[in-house]
Amino acid sequence: MIVLGIETSCDETAAAVVDDQRRVLANVVLSQLDDHRPYGGVVPEIAARAHLVHLDGIVSEALRQADLSLDGVDAVAATAGPGLIGGVMIGATMGKAMALGAGLPFVAVNHLEGHALTARLTDDVAFPYLLLLVSGGHCQLLSVRSVGHYERLGGTVDDAVGEAFDKTAKLLGLGYPGGPAVEAAARMAVDPGRFSLPRPMAGREGCDFSFAGLKTAVRQAADKLPAGPDGALDPADRDDLAAAFQQAVADVIVDRTRNAIRLFHAQNGAGGTLVVAGGVAANATLRGALQSLSADEAIAFAAPPIGLCTDNAAMIAWAGLERLRLGLTDGLDFKPRPRWPLSELSTATLSAAVSDRGAE
Ligand code: KG4
Ligand code: ZN
């Protein structure tokens, strides 16, 4: 079974081909970073236009790398939400058109489900597992029971963690995108323990997050520091503050995830796997902290390779393949959705989905 996947929900134009032996036959990602950098964030209209210009070529390139024509593909899967609606419409329409033209089934994939199921492609993780999804737009802890069946254990009450990294980077005068820039600055810190920042929500019951207060605390700390004539912080101060922010984020995530692991174990018994996904999962400090948390709490730990943590189409092709295997395909009238929480995946999915453990 071979599936072509298309991803256009944010600022990556991507196409990939995967098979049911968990092989990634092609994975092409065109980042639009340079188009958006002057604006310090993703501009939806620019993103949509760039998808329109490049998607054709990216899909052809993926098929070329996989050494396949559409005849050799069993289904076309495309992200149908959530995301910037202009881009989502372009990718979903392309997917539908290709499916119609080639007489193939179409699978409308939820972008978050793509992130959620990646660990099954990369690490063959069995259901159920605990998922920490941390990206620019999302920050949540989910119990993944089977394809289409996700229980939200907690999430952010304000900013997503990637958003907090991006805003903090802007505040510190670091580049865009913020996450990698903050991580690089933190690595240069001479005195990472110099600033004490709050750990919002830490120690509280439940699995919710909050990052708005942390961002404000960084601003207050930065305001007290001497700045150059252009308003720029001294690089040594900036790097120490970046390290303090990153450590506070890691501590909060560890605290919240510990509660989620205990809840997951109470529901499912000992063992299982903690999977981390989304762009922020590229952060080495966070990965390290989650790895030692997992060892302490006796749960296996899986983190997809960084290229499959950030937005890509291999995860969309894989989620499409998982759905196709269960007979879960979609009509060409499927409407792209700007908002599409995982908890709203169709009830048809829930009744058809079969857990690895058999009928539960
Ligand atoms: O999953 P993703 O590629 O796109 C979304 O669906 O949001 O995640 C992008 C987010 C951005 O906020 C970016 O700053 C953050 O992931 N990010 C990082 C790192 N690399 C990317 N955050 C912290 N450390 C990193 N190394
Ligand atoms: Zn994403």
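To be clear, the structure that these remarks concern was listed above.
Basis of the calculations
Residues numbered from 1 in each chain as written. Chains lettered and ligands numbered in written order. Predicted model: local features only at pLDDT ≥ 70, side-chain atom pairs only at ≥ 80, totals over all residues. Heavy atoms only, no water. Phe/Tyr/Trp six-rings, centres within 6.5 Å; stacked < 30°, edge-to-face > 60°. Buried < 20%, exposed > 50% of the residue type's maximum accessible area, 1.4 Å probe, protein only. Lys NZ or Arg CZ within 6 Å of the ring centre and 35° of its normal. Donors = N, O, S within 2.8 Å, 3.2 Å for Na, K, Ca; no water. Tetrahedral: all angles 85-135°; square planar, octahedral: opposite > 155°, others 65-115°. Helix = DSSP H or I, 4+ residues; strand = E, 2+ residues; numbered from the N terminus. Near = heavy atom within 4 Å. Polar contact = N/O pair within 3.5 Å; in protein donor to acceptor, adjacent residues only side chain to side chain. Areas by Shrake-Rupley, 256 points an atom, 1.4 Å probe, with all protein chains shown as cover. Nonpolar A, V, L, I, M, F, W, Y, C, P; charged D, E, K, R; others polar. 1 Å grid on protein atoms, 1.4 Å probe; cavity = no way out; pocket = protein on both sides within 12 Å on 5 of 7 lines; lining within 4 Å. Points joined across faces, edges and corners; volume = space filled by probe spheres on them. Domains from an automatic or database assignment.

Asks: Please explain the packing of aromatic side chains as it appears in this structure.
Replies: For any pair of aromatic rings, geometry is given as the distance between the ring centres together with the angle between the planes. Under the criterion given, the structure shown has four aromatic pairs. Measuring from ring centre to ring centre gives 6.0 Å for Phe 209 and Phe 211, while their planes differ by 20 degrees; the resulting arrangement is stacked. Judged by relative accessible area, Phe 211 falls into the buried class, the value being 1%. Over the aromatic face of Phe 127 sits the side chain of Arg 120, whose NZ or CZ is 3.8 Å from the ring centroid. Above the face of the Trp 340 ring, Arg 337 is positioned so that its terminal group lies 4.7 Å from the ring centre.

Asks: Looking at this model, I keep getting lost on the coordination of the zinc ion (ligand 2). Mind explaining?
Replies: His 111 (NE2), His 115 (NE2) and Asp 311 (OD) make up the full set of protein donors to the zinc ion (ligand 2), lying at 2.1 to 2.2 Å. Classification of the site at the zinc ion (ligand 2) rests on its four donor atoms, whose angles at the metal span 93 to 149 degrees, yielding the label irregular. Sequence positions of the residues that donate to the zinc ion (ligand 2) give the spacing H-x3-H-x195-D. In this pair, His 111 is assigned in helix 4 (residues 111-123) and Asp 311 in the loop between helix 10 (306-309) and helix 11 (314-325), connecting sequence segments 200 residues apart.

Asks: Looking at this structure, how should I read the site of ligand 1?
Replies: Around ligand 1 lies a shell of 19 residues, among which Gly 136, Asp 166, Gly 179, Glu 183 and Gly 279 are the nearest. In the environment of ligand 1, an oxygen atom lies 3.0 Å from a nitrogen or oxygen atom belonging to the backbone of Gly 279. Separating a nitrogen atom of ligand 1 from a side-chain N or O atom of Asn 283 is a distance of 3.0 Å. Protein contact buries 88% of the 550 Å² of open area that ligand 1 shows by itself. Of all the secondary-structure elements, those providing two or more residues to the shell around ligand 1 are helix 4, helix 5 (161-171) and helix 6 (178-187). Of all the elements, helix 6 adds the most residues to the shell around ligand 1, at four residues. The class makeup of the residues in the shell around ligand 1 is four nonpolar, twelve polar and three charged.

Asks: What am I meant to see in the layout of surface pockets here?
Replies: There is about 1200 Å³ of room inside the largest pocket. Lining the largest pocket are 43 residues, with Asp 11, Ser 135, Gly 136, Asp 166 and Pro 177 positioned closest to its centre. Here the element with the most residues in the lining of the largest pocket is helix 5; it accounts for seven residues. For the lining of the largest pocket, the per-class residue count stands at 17 nonpolar, 18 polar and eight charged. Both domain 1 (2-117 + 308-359) and domain 2 (125-303) contribute no fewer than three residues apiece to the lining of the largest pocket. Space inside the second largest pocket adds up to approximately 250 Å³. Around the second largest pocket, the lining is made up of 14 residues, and of these Leu 112, His 138, Gln 140, Arg 339 and Pro 341 lie nearest the centre. When residues of the lining of the second largest pocket are traced back to their parent elements, those giving at least two are strand 7 (139-146) and strand 8 (149-155). By residue class, the composition of the lining of the second largest pocket is eight nonpolar, four polar and two charged.

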